[in-house]
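In case you want the letters, here they are:
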Amino acid sequence: MSGFKDASRPETETGLQYHLMIKPGDIAKYVLLPGDPERVPIIARFWDLAWHVASHREYVTYSGYYKGVFISATSTGIGAPSTAIALEELARVGAEVFIRVGTTGALRRDVSIGDVVISTGAVRLEGTSRHYVMPEYPAVASYDVVLALIDAAESLGVRYHVGLTASSDSFYVGQERPGFRDYLPPFQRGLIDYLRSVNVLNFEMEASLIFTLANIYRLRAGAVCAAIANRETGEFKPGAGVEDAIRVANEAVKILYEWDEERRKIGKAHLTPDIIRRLTWR
Ligand code: URA
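In what follows, the accompanying structure is described. This structure is a prediction, so every number in the text was calculated from the model and none was measured.

A few words now on the pattern of salt bridges. Any two side chains of opposite charge can pair if their charged atoms end up close together. On inspection of all chains with the given rule, the structure shows 21 salt bridges. Of the charged contacts, one joins Arg159 and Asp115 as a salt bridge, the two residues approaching to 2.9 Å between their closest N and O atoms. Placement of the pair is Arg159 in the loop between helix 3 (143–156) and strand 7 (160–168) and Asp115 in the loop between strand 5 (97–106) and strand 6 (116–125), with a sequence separation of 44 residues. In this structure, Arg220 and Asp260 form a salt bridge, with 2.8 Å as the shortest nitrogen-oxygen distance. Taken together, the positions of Arg220 in strand 9 (residues 220–230) and Asp260 in helix 6 (residues 242–266) put the pair 40 residues apart, joining distant regions of the chain. Residue Arg220 shares its accessibility class with Asp260, and that shared class is buried. Within this structure, Lys29, Asp144, Arg220, Asp260 and Arg263 form a network of salt bridges that share partners.

Structure below.
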């Protein structure tokens, strides 16, 4: 690999990014972020046209068109540290709206296996966002991205829940699953009950980092995750609801694009109910 000169800004003169191997022009404004690299081509199967952009380490990137809208998908790998690298490099080449498409463990019985959870915000149980900003800084999703995800789920007839998520650095002990030899320290015991009691819907590992960075950088973000686990009933079903989460995320991009275009045409800084009404009546 050559052409990388500056250790504090590892990109080439053409803007090629060190980890993701993407450059300006490769990526759409709207980017879906699954954790799993194998999920990227699956997401792209729903597009009218798709091409492979790059694969390097855990980062696989495709771009294409969904219902005429330029769209990209990049895998983040598992957890906040690798997700921060993805978001940093995607933003540098022009991405502006990030939608995590993942899997999750539901904390409540009424979130059935295969349902999707749309996050309005996330408890920052991960450590990466603390490198960026104080712990009191909120990890909130963008209201228009949340609304587009809800609209997409409604129009596709997908069962969804909306609320707060907890993002952990740890799949096992940090989500109150016993570690090797049943290790579970006293300070993790009762975590699920506690989070449930303060109205948290689900556990996953990336949303709070994505929301925090998107807010700091004045970008937009949301998350839709398929419940493959239920921590109240004990059920675990890999893959359940993943296709629904993908369909919802893709459709949300089309909806957001239409709202954004209308907003731009009439010169509004924010999405308003009137913009949605104008498009509905058309
Ligand atoms: N992802 C998580 O982080 N936790 C789960 O329980 C399932 C998916």
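Moving on: the site of the ligand. Neighbouring the ligand are Thr103, Thr104, Gly105, Phe171, Gln175, Arg177, Phe203, Glu204, Met205, Ile228 and Ala229. At a separation of 2.6 Å, an oxygen atom of the ligand approaches a polar side-chain atom of Arg177. Contact with the protein chains hides 94% of the accessible area of the ligand, taken as 240 Å² for the molecule alone. Of all the elements in the fold, those that place two or more residues in the shell around the ligand are strand 5, strand 8 (200–204) and strand 9. In terms of residues, the shell around the ligand owes the most to one element, strand 5, which gives 3 residues. Of the residues belonging to the shell around the ligand, the class tally is 5 nonpolar, 4 polar and 2 charged.

Right, let's talk about the packing of helix 3 against helix 6 for a bit. Axis angle and axis distance: for two packed helices, these are the angle between their axes and the distance between the axes, and together they describe the pair. Two elements in contact, helix 3 and helix 6, have axes separated by 8 Å at closest approach and are oriented at 120°. Regarding the angle of helix 3 to helix 6, the classification is oblique. Where helix 3 crosses over helix 6, the two elements pack in a sense that is right-handed. Only Arg247, Val248, Ala249, Glu251, Ala252, Ile255, Leu256, Trp259 and Asp260 of helix 6 make contact with helix 3, whose side of the interface consists of Asp144, Val145, Leu147, Ala148, Leu149, Asp151, Ala152, Ala153, Ser155 and Leu156. Among the residues forming the contact of helix 3 with helix 6, the class breakdown is 13 nonpolar, 1 polar and 5 charged.

Okay, the nonpolar core next. Residues Leu32, Leu90, Phe98, Ile99, Phe211 and Val224 are the most contacted members of the largest nonpolar core, which totals 66 residues. For this core, the element with the highest residue contribution is helix 6, accounting for 10 residues. What Phe211 contacts, discounting residues up to four positions off in sequence, is Ser119, Gly121, Ala122, Ala139, Val140, Ala141, Ala221, Gly222 and Ala223. Residues Leu107, Leu191, Ile192 and Leu195 belong to the second largest nonpolar core, which totals 7 residues.

About the thresholds
- Residues numbered from 1 in each chain as written.
- Predicted model: local features only at pLDDT ≥ 70, side-chain atom pairs only at ≥ 80, totals over all residues.
- Heavy atoms only, no water.
- Salt bridge = Lys/Arg side-chain N within 4 Å of Asp/Glu carboxyl O.
- Helix = DSSP H or I, 4+ residues; strand = E, 2+ residues; numbered from the N terminus.
- Buried < 20%, exposed > 50% of the residue type's maximum accessible area, 1.4 Å probe, protein only.
- Near = heavy atom within 4 Å.
- Polar contact = N/O pair within 3.5 Å; in protein donor to acceptor, adjacent residues only side chain to side chain.
- Areas by Shrake-Rupley, 256 points an atom, 1.4 Å probe, with all protein chains shown as cover.
- Nonpolar A, V, L, I, M, F, W, Y, C, P; charged D, E, K, R; others polar.
- Axes fitted to C-alpha atoms, helices over the stretch in contact; angles between N-to-C directions.
- Parallel < 35°, antiparallel > 145°, perpendicular 65-115°, else oblique.
- Left-handed = near helix turned anticlockwise from the far one by under 90°.
- Contact = heavy atoms within 4.5 Å.
- Core = buried A, V, L, I, M, F, W, Y, C linked by side-chain atoms within 4.5 Å.

On their own, these measurements won't tell you what the molecule is for.
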